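# Reading the structure
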Amino acid sequence: MESYTEQIRTLAVDLLKSGKVDVVIGYRRGTVPMATVPFMARTQKQAQELIWDSHCTLNLANYLTNRQDKIGIVAKGCDSRNIVNHIVENKIKREQLHIIGVPCKGMVNPKELQALFKDEITSFSESADTLTIASAHAEVKVEREDHLRGNCALCTHRNPVIYDDLVGELVTEPVLDDPFKDVNAIEAMDTDTKWNYFDDLLKGCIRCYACRNACPLCYCPTCFVDESNPQWVGKGQNDTDIKTFHLLRAFHCAGRCTDCGACEAACPMDIHVRAFTRKLIKDSKELFGWEAGLDISKRPPLDTFAPDDPNDFIK
Amino acid sequence: MDNPYMPYPVRIADIEVATEDRSLKTFTFTFLKPEDEAAFNHKAGQFAMLSIPGKGEIPIGIASSPTEKGFVKFTVFRTGVVTTALHNMAVGDIMGIRGPMGNWYPWDTLKGKNVVIIGGGFAFTTLRASIVYMLDPANRANFGNIDVVYGARSPGMLLYRDELFEWEKRDDINMHITVDGCDDPAWAYNVGFVPTIVEQKAPRADKDTFAIVCGPPIMIKFTQPALQSLGYGENQIIMSLENRMKCGIGMCGRCNIGKELVCKDGPVFTLAALNQTPREY
Amino acid sequence: MKVIKIDKNQWTQGMDNAREHYQLFGPVKIKENYCFAPLERDQQPDMTGVDTVLSPKSALFPQTEKLLTTTLDVSKQGHHIMERASADYSPRAVIGIRPFDALAIELVKLNFDTKDYRDPYWCDAHDATTFIGLAVNTPSLFDFSTSMGSGPFDEKGLDVLLVDTPAAYLAKVITEKGRAFMATAGFDQEAAPGEIQQMEDLKKAAEQAITTQVDTDNLRGKSLLDLHQAPFWEDIAFSCINCGTCTFVCPTCWCFDLQDETKGNNSTRFRNWDTCMSPLFTLHGSGHNPRGEKTQRVRQRFMHKLKYFLDKYDRGTMCVGCGRCVKSCPVNIDIREVCNVMNAYEPQK
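Below: a short report on this structure.

The rules we used
Residues numbered from 1 in each chain as written. Chains lettered and ligands numbered in written order. Predicted model: local features only at pLDDT ≥ 70, side-chain atom pairs only at ≥ 80, totals over all residues. Heavy atoms only, no water. Pairing = 2+ DSSP bridges. Helix = DSSP H or I, 4+ residues; strand = E, 2+ residues; numbered from the N terminus. Axes fitted to C-alpha atoms, helices over the stretch in contact; angles between N-to-C directions. Contact = heavy atoms within 4.5 Å. Salt bridge = Lys/Arg side-chain N within 4 Å of Asp/Glu carboxyl O. Buried < 20%, exposed > 50% of the residue type's maximum accessible area, 1.4 Å probe, protein only. Buried area = accessible area lost by both parts, 1.4 Å probe. Nonpolar A, V, L, I, M, F, W, Y, C, P; charged D, E, K, R; others polar. Polar contact = N/O pair within 3.5 Å; in protein donor to acceptor, adjacent residues only side chain to side chain. 1 Å grid on protein atoms, 1.4 Å probe; cavity = no way out; pocket = protein on both sides within 12 Å on 5 of 7 lines; lining within 4 Å. Points joined across faces, edges and corners; volume = space filled by probe spheres on them. Expected span 1.5 Å × (residues − 1). Core = buried A, V, L, I, M, F, W, Y, C linked by side-chain atoms within 4.5 Å.

Our next topic: the sheet that holds strand S2 (residues 23-30) of chain C. Adjacent strands of a sheet pair through backbone hydrogen bonds, lying either parallel or antiparallel. Residues and elements named next belong to chain C. In spatial order, the strands read S1-S9-S8-S7-S6-S2-S3; together these seven strands make up an open sheet with mixed pairing. A strand with exactly one partner marks an edge of an open sheet, and here the two such strands are strand S1 (3-7) and strand S3 (33-38). The mean inter-strand angle of the sheet, taken between neighbouring strand axes irrespective of direction, is 25 degrees. As judged from the three bridges shared by S2 and strand S6 (residues 92-97), these two strands associate in the parallel manner. For Leu24, the partnering residue across the bridge sits in S6 and is Ala93. Where helix H1 (residues 8-19) meets the sheet, its contacts fall on S1, S2, S6, strand S8 (160-164) and strand S9 (168-173), and the angle it forms with S1 comes to roughly 105 degrees. Helix H5 (residues 193-209) contacts S1, S8 and S9 of the sheet and is inclined by roughly 90 degrees relative to S9.

Here it is, written out as structure tokens:
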């Protein structure tokens, strides 16, 4: 990972120096242990602040939407698929971008790591595949692979699918024999159990919309929850309204979601919102043979119509 | 008032279509309880929240003067959920009013002074309240010359037309009614944008003259330099602002411009005070 | 001021005694996180979870609150005339509130209880509440309360301050309300001088353990317009995703929205927490939006917290240093950094 950081900095400095880009969007170190901050470097000096580590959990494609300038963008596998999506949906033009591709080794969950300690974590570092975490009274070494985030553990597109430069060797893509085990488990529940499962899952939601705002797909000028004429969803802490927001948002992401996990990374209440979007990812795969963001020449399935579409209901 | 969120119940006593395109209507309300009317007791320049249960509330300038007893009047532009619901209501319907809210035109400072009133479009409502207030026999002697420049897109878009033409006939007030454009040869008044007419017809400033300006942002933008060219200083130009509001009592936090809350520290501000704020309005 | 010693094995019974006369609010675990909530009949406050994700402001200012109700049925008496929604303002106690959160409530009161208007919902709740605070023995990395007018053992806004020691809570009784609570709970054993000294030592240690220093001394003297027009806001705002997290976890954020909801003929006016981070916050009916750009909204939040409030009320900044926003912000925007930048800013002449 250290070499990733060096490579990113070198590439960013060169891009800015040559004028090939106006800005480079990546991450810099945060102010507290394990925090990273999405960062826009405008100068070569600022480019030296860029870093890469196992806490780069947000999706930087989110910061591309509707920008007009020339941008260098650091992108891991899932981010790059969202870049493809953005290009297909006209939120950014390919010509504007110089993509610094990062073959991703997976991200970790700071709260899960904190749970290994009785007191607060004061430092974090990593070397190859080992993470070294310390608090005032303890030090722990763990393997990254054992503490991957939910979405990273299920990821089969770690390498960027579109890039201009790579900061390291491509990594082996995992093959999963039962990728939708989690979704199947929910599907297997009877109606009441499922309803209670969703109620419990959404307990604690404070309608902060961090999930929506961190998501590169959510770029509607006025989100459906913010419409007043007509008002589709109430704004209060009402179970029905909360469910409506999450369920509908998942549907709006159908066929477009790359399971980047930015939604869960952003959520202050640790709500497992991916339970909804993963169902739609499964449906996308099984009903349309579609995975989002892999083919820049095609529009997502819910976006297109062809006379030979497989669904019978329209015939 | 022990619950400032609780509206006074009112009945719609009259509805008048105010403009030729029907986008504005003037509502006259009577209070269901006489003690509420006594408590309401507003001053010209203030606004109130018109409250429709089930729909919401809107902050609207009070168009009637405190000298007009027995009712309160508001002219409302149809633009969103609540204003549309209001436009669809009928005489006799019951709804609510919270207020009066905000500060008012500085009547104490204006005592003994000349007043120039400048309004555009449908921002004329609190200016009507002001004119009726000043012209009231009990008050007229408290003010010097009164000049009014009021313009709209076309004659049919002027508010309170009948009253405007009545005032035009009086000799204790100088009316400069204008429209942006008009091809009716019978139009007896000015044709030209408000800032232009201000420059041409408004009196030059002296230390005893104040201008009250109320209108859409674009009108204000061009009226300011016109007034400045006539010698009006920052402390002589009084403006009434708008902002998105919900509570109207300075608590929900959204209507601020810097540290001023438009609903409580305003909506009336001198240009001097406004220039001290960040331009977020 | 009396200091009472509460043996930990008396604590549960004391809470049960108190519950007979007070509705208790305390920290509870909601799935993986701790939040303040009204306690069920048999629920004890979880004193290990006092460092909650959301602040206890919801005890006085629930996220969704009914304000007024009426019927839209024109055949009924009083239709379309709004009445205050019924709610329970019988005595309540918040158990385990941190000193910085108690100071926050004092600051929020400046908004809801003014010489012109009194918000009866917030104020009635506040009048009914006794605050039983818990001092911070081990300040977290995120705590910078000592820079913001509070501190781990600060007493502002509290009726009782509990100090945690291994076998007992030492309770400093600060107000009459606090005295009444302690009597109801049955906590009456006076602490020994040695125990009082122990409190002082813990206080000193805790204050020294906070190493973050945030500078606020120049903010009062800086020009509001200069700070507003400063060039650093663009960079600070870049990573912000304009969610409402910082405003919802913050103990001093009080902005709210009013919404009418109707079910059949029953109409209710609610208020909900609102956030200046939302583009809707300042959107006019005409479509004009004074804070339509993200940078304007991010700037608004920090200017309000660290400058507008300071200038308006002269009670220090609106931030109490709890650190929740720093901990929860998905993009690690750090108010301590922003405050230091604002405090040091000199405009280029």
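So, next bit.
Further remarks concern the pattern of salt bridges. Residues and elements named next belong to chain A. Counted according to the given criterion, the structure contains 63 salt bridges over all chains. The partner of Asp164 in a salt bridge is Arg94, and the shortest N-O contact between them spans 2.9 Å. Note that Asp164 is positioned in the loop between helix H5 (150-153) and strand S9 (165-166) and Arg94 in the loop between helix H3 (77-88) and strand S5 (97-101), a separation of 70 residues in sequence. Residue Asp164 is classed as partly exposed on the basis of its relative accessible area, which comes to 33%. A salt bridge links Lys282 to Glu286, with the shortest nitrogen-to-oxygen separation between them at 3.4 Å. Taken as a pair, Lys282 and Glu286 lie in helix H11 (residues 274-288) at a separation of four residues, close to a single helical turn. For Lys282, a relative accessible area of 6% translates into the label buried. A network of salt bridges, in which partner residues are shared, links Asp182, Asp259, Glu264, Arg274 and Arg278.

What follows is about the interface of chain B and chain C. Residue-level contacts link 43 residues of chain B with 49 residues of chain C. Taken together, the two surfaces of chain B and chain C that pack against each other cover about 3,600 Å², and 57% of this comes from carbon and sulfur. One salt bridge in this structure joins C:Asp257 and B:Arg254, with 3.9 Å as the shortest N-O distance. Considering each element in turn, the side of chain B that touches chain C owes the most residues, four residues, to strand S6 (residues 94-101) of chain B. For the side of chain B that touches chain C, a count of residues per class yields 18 nonpolar, 13 polar and twelve charged.

Before going further, it helps to spend a moment on the interface of chain C and chain A. Counting from both sides, the interface comprises 38 residues of chain C and, opposite them, 43 residues of chain A. With both chains or domains summed, chain C and chain A bury close to 3,000 Å², and 56% of this area falls on carbon and sulfur atoms. Joining chain C to chain A, the criterion identifies one salt bridge. Residue C:Asp235 is joined to A:Arg42 by a salt bridge in which the shortest nitrogen-to-oxygen separation is 2.9 Å. Across the contact surface, chain C and chain A share 18 residue pairs in polar contact (both at pLDDT 80 or more).

Residue and element names in this part refer to chain C. The full count for this structure, using the stated rule, is twelve cavities of 30 Å³ or more. Together, 17 residues line the largest cavity, and Cys240, Cys246, Met277, Cys329 and Ile333 are the ones closest to its centre. Of all the secondary-structure elements, those providing two or more residues to the lining of the largest cavity are helix H8 (245-249) and helix H9 (294-313). Among the elements that take part in the lining of the largest cavity, H9 stands out by supplying three residues, more than any other. A class-by-class count of the residues in the lining of the largest cavity yields 13 nonpolar, two polar and two charged.

Attention shifts here to H3(A). Residues and elements named next belong to chain A. Between the first and last C-alpha of H3 there are 17 Å, a value that for twelve residues agrees with the 16 Å anticipated at 1.5 Å per step. Along H3, the positions that sit buried rather than exposed are Gly77, Cys78, Asp79, Ser80, Arg81, Asn82, Ile83, Val84, Asn85, His86, Ile87 and Val88. If you follow the buried residues of H3, they end up packed against strand S4 (71-75) and S5. Phi turns positive one or two residues past the end of H3, at Asn90, with a value near 65 degrees.

On to the side chain of C:Arg98. All names here are of chain C. The residue Arg98 is located in the loop between S6 and helix H2 (99-112) in this model. Judged by relative accessible area, Arg98 falls into the buried class, the value being 7%. Once you skip the residues sitting within four places of it in the chain, Arg98 turns out to touch Val50, Asp51, Leu134, Ala135 and Val136.

Of all hydrophobic cores here, the largest spans 197 residues; its most connected members are B:Ile118 and C:Met342. Looking at this core element by element, the count peaks at nine residues for H2(C). Residues within four places of B:Ile118 in sequence aside, it is in contact with B:Leu127, B:Val149, B:Val194, B:Val198, B:Ala211, B:Ile212, B:Val213, B:Cys214, B:Met219, B:Thr223 and B:Leu227.

The subject of this paragraph is the pairing of strand S7 (residues 114-120) of chain B. Residue and element names in this part refer to chain B. Within S7, seven of the seven residues are buried, which leaves it mostly tucked inside the rest of the structure. Neither face of S7 is left uncovered, since the one carrying Asn114, Val116, Ile118 and Gly120 and the one carrying Val115, Ile117 and Gly119 both have all their residues buried. With six bridges connecting them, S7 and strand S11 (residues 209-214) associate as parallel partners. From the neighbouring strand, Gly119 faces S11, where its bridge partner is Cys214. With six bridges joining them, S7 and strand S8 (residues 146-152) adopt parallel strand pairing. If you follow Gly120 over to S8, its bridge partner there is Gly151.

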